[in-house]
Amino acid sequence: MTTATAELLTVPEVMTRLRLGRSTVYDLIRSRRLTSITVGRSRRIPADAVRDFIAHEIEEAA
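Attention here is on the structure that accompanies the text.

What counts and what doesn't
Residues numbered from 1 in each chain as written. Predicted model: local features only at pLDDT ≥ 70, side-chain atom pairs only at ≥ 80, totals over all residues. Heavy atoms only, no water. Helix = DSSP H or I, 4+ residues; strand = E, 2+ residues; numbered from the N terminus. Rg over C-alpha atoms; globule rule 2.2 N^0.38 Å. Buried < 20%, exposed > 50% of the residue type's maximum accessible area, 1.4 Å probe, protein only. Contact = heavy atoms within 4.5 Å. Areas by Shrake-Rupley, 256 points an atom, 1.4 Å probe, with all protein chains shown as cover. Lys, Arg positive; Asp, Glu negative; His and termini not counted. Charge placed at Lys NZ, Arg CZ, Asp CG, Glu CD. Expected span 1.5 Å × (residues − 1). Arc of directions from axis to C-beta.

1. Digging into the overall build of the chain
Next, step 1: Secondary structure assignment for the chain yields four helices and three strands.
Next, step 2: Starting at the N terminus, the α and β elements of the chain follow one another as α-β-α-α-β-β-α.
Next, step 3: Against the compact-globule benchmark of 11 Å for 62 residues, the chain has a radius of gyration of 11 Å, which places it among compact chains.
Next, step 4: A burial count over the chain gives 24% of its 62 residues as buried.
Next, step 5: Summarising the internal contacts of the chain: among those between residues at least 6 apart in sequence, 48% fall at separations of at least 24.
Next, step 6: Working note: accessible area of the chain is about 4500 Å², and carbon and sulfur atoms make up 52% of it.
Next, step 7: Side-chain charges of the chain comprise 10 positive and 8 negative groups, with the mean position of each set lying 10 Å from the other.

Put into C-alpha cells, the structure is as follows:
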C-alpha cells in the first residue's frame, strides 16, 4: 500500500477539496456515494474515495 492510497481525510478536509458543506458531505457518506470508515469516534474518508466520487460525478454529467 502506498502513502497516496493509505491517505485518510477528515470531513473538513473533504469539505475543502469538494467545496461542499458539512451536511452535504455527511449526506454523501450516508447515501454511500462517498466511502468512509470510522476510526474510534472519528469519520475518515480515503483520498481514493474522493477521487472516485469526482470521476463518477464527471461520468454522470457527460
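There is more to say, and it comes next.
2. Digging into helix 4 (residues 47–61)
Next, step 1: Across its 15 residues, helix 4 extends 21 Å between first and last C-alpha, which sits within 8% of the 21 Å expected from 1.5 Å per residue.
Next, step 2: By the burial criterion, the buried members of helix 4 are Ala-47, Ala-49, Val-50 and Phe-53. Buried residues along helix 4 cover an arc of 165° about the axis, so they all sit on one side. Facing away from the buried side of helix 4 by more than 90 degrees, the exposed set consists of Asp-52, Ile-58 and Glu-59.

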